[in-house]
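# Secondary and tertiary structure notes
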Amino acid sequence: MLATQSANFVPRQPQIVHKQVTIQRPSSVPPPILAVSSNASPSKPTLPPPLAQTQQPTPPPSVVSPAASTSKLENLSLCKHIAKVVASSEDQESPFKLGVRWSLRLTSSNNSHAHSKKRRKIERPVCKTCSIALARPFLCLDCGSSWCGAREGADHALQHARSQNHPLHLDLHSRSVYCFSCGDYAYHPALERMINSEIVSYEDSLLAPAASSSGRKRVPFQPWKPSSSLTTTVEPLYPRGLRNLGQTCYMSVILQAFLHNPLLRSYFLSDKHNLHLCERSAEGDKPCLSCEMDRLFTESFSNEPTPFGPTSILYSVWLSSSELSGYAQQDAHEFLISAMNLIHATTPGSKNIDCSCIVHETFSGQLRSEVRCGKCGNVTASVDPFLDLSLDLKGQVAAMEHTLLGCLNRFTSSEKLSPGQYSCAKCGDNSQVASKRLGIKQLPPVLNIQFKRFEHSTNSHKIDTPVRFPLKLNMGPYITSSSSTDQSLSGTETPPTFFEYELSSVVCHEGQLTNGHFTCYCRGTDDFFCLDDDKVRRASLAEVLGSKAYLLTYVKKTLSFAERST
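Read on for a plain summary of the structure. (Residues numbered from 1 in each chain as written. Predicted model: local features only at pLDDT ≥ 70, side-chain atom pairs only at ≥ 80, totals over all residues. Heavy atoms only, no water.)

## Regarding the nonpolar core
Quick note on the threshold: Throughout, nonpolar core names a set of buried Ala, Val, Leu, Ile, Met, Phe, Trp, Tyr and Cys residues whose side chains join them through atoms within 4.5 Å. To sort residues, take the accessible area from a 1.4 Å probe on protein chains only and compare it with the maximum for the residue type: under 20% means buried, over 50% means exposed, and anything in between is partly exposed. What counts as a helix is a DSSP run of H or I of at least four residues, what counts as a strand is a run of E of at least two, and both are numbered from the N terminus.
By size, the foremost hydrophobic cluster in this structure holds 46 residues, and its most contacted members are Leu255, Phe258 and Phe335. Broken down by element, the residue count for this core peaks at 8 residues, all from helix 6 (residues 249–259). In terms of nonpolar packing, the next biggest core, distinct from the first, is built from 35 residues, Leu408, Ile449, Val467 and Leu473 among them.

## Observations concerning the environment of Phe258
Short version of the rule: The criterion used for residue contact is that any of the two residues' heavy atoms lie within 4.5 Å.
Mapped onto the secondary structure, Phe258 falls in helix 6. Separated by 35 residues in the primary sequence, Phe258 and Met293 place their C-alpha atoms 9.1 Å from one another. Discounting chain neighbours no more than four positions away, the residues touching Phe258 are Leu264, Met293, Phe297, Leu336, Ala339, Met340, Ile343 and Phe363.

## Thoughts on the pattern of salt bridges
Stated precisely, the cut-off is as follows: Salt bridge, as used here, is a side-chain nitrogen of Lys or Arg placed within 4 Å of a carboxyl oxygen of Asp or Glu.
One pass over the structure, following the stated rule, counts 11 salt bridges. One salt bridge connects Arg240 with Glu299, and the closest N-O pair in it is separated by 3.5 Å. In this pair, Arg240 is assigned in the loop between helix 5 (189–214) and helix 6 and Glu299 in helix 9 (residues 289–300), connecting sequence segments 59 residues apart. We note a salt bridge from Asp392 to Lys452, for which the minimum N-O separation is 3.4 Å. Within this pair, whereas Asp392 is found in the loop between strand 9 (389–391) and strand 10 (402–403), its partner Lys452 is found in the loop between strand 13 (446–451) and strand 14 (454–455), the two being separated by 60 residues in sequence. Take Asp392: its relative accessible area is 36%, and that puts it in the partly exposed class. Assessed through its relative accessible area of 35%, Lys452 is described here as partly exposed.

## Brief notes about the sheet that holds strand 12 (residues 435–442)
For clarity, the threshold we go by: A strand pair is defined by DSSP finding two or more bridges across the two strands.
Ordered by their spatial adjacency, 4 strands build an open sheet running 8-7-12-11, and the pairing between neighbours is antiparallel. Sheet topology places strand 8 (379–386) and strand 11 (415–416) at the edges, where each strand pairs with a single neighbour. For strand 7 (residues 365–372) and strand 8, the ladder comprises 8 bridges, and the chain directions are antiparallel. Its bridge partner being in strand 8, Gly365 is matched across the sheet by Phe386.

Encoded structure:
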């Protein structure tokens, strides 16, 4: 299925209907389940009565009556006793934090999957009065003693709360605070954050032995706190220059074009190729340019202001391509082709036909060649892939200024073939003049265009004629009419934005055929930058469009994608 996704398209969110549910609390809310009577049904457990309903002596003044506790139960965070625990919980030796740690050790010890055979099993706490082992102990947050509830014993926790005026107890089973005065669990956001922090710290302590044995260090959890040093403004990332390693400007401009390519940037920064997990790099006998690109993107987007020296990339290219080895001057277009081939070859799962590697998914398009017989009109068509378009600059009137659109028109225009160059498969005639025409069958997401400025013949020279090129390019007129990509599966015409491109980078050459220097302009967040090896500066739009371009990179405004069968 072929679909389009526009850069300005906002996907429609599914409509969610919110229903407000009102929970009516009864006039008397029972306390949590703490005991089960021997005569009661298993589905209806017996609940311990509030303090004021027990047949005990008159409670201390701080223990409130059921009528007063009813109003406090309207909001669990309104318990007046919880503030004392919150104030003392910052202390590392407070009964609350010690109880939470004790609860975590008990849970880990009782879980058969959480501990090894060498880990000593922690004994259950016992009630201070009846000395029975407790599966659900209650820890007093005032004195730190453990007591039994009504489910396991004689409910000494309730008796202790009344007699000693210690209403708050920590349920070690659920790590929740229960107030015997209010007759309900007490909640406070600060205590919940502390419990979560203790859980993360305890999990880190369990993983510490494994991390130390593997040599990797785990950063301990630290809750975020606002600081006055933090700023709210986000500055755009400034491009990082690349050092010239000895006439390597041809490599620097192509690497900068790759760094400012949104598809390559998303691929490598999303860890689609990790140099630490690459099997080719692990073997060590063959260079991997994909790993070097992963290192380049990491270094370039590290916010380091100093220029970066891509020595490992240069060394990998030297080992992989003998034509580019050495310190001689090289052509930027040749390095572009070699770099794309090397990234394709080092991408896992790459293949020669119908490849889905990052290079072909980004730069690959299709050209359609049609040859028409001059006698019978038979058309012979063939389709060839391309990674870039090479456009001629010769053939125009010298007084006319070259333009990118004019070069594309000549590239896709029909040309006459000499007699004998073509033999018709239908009529067998080869004496008539046939015509040949090139067209674009499938557009790539990123379009590379080269101007043939270097004329290699008996009189080799460089064509210095300036070429005008637009900021936005429409490739619709150069698509062949028989292209299957012009229409979607629904039969509707493809929108015009499908053929629109925006300028991403410009590579320029200054000098003569045998010697010179490469520079490039790359598009940033809101402006263009001129990158001359390690020197980086902002450039105006007029400077960019007025430069003598050698290589152009255009990025599609609307990306197309197809669902792949798995």
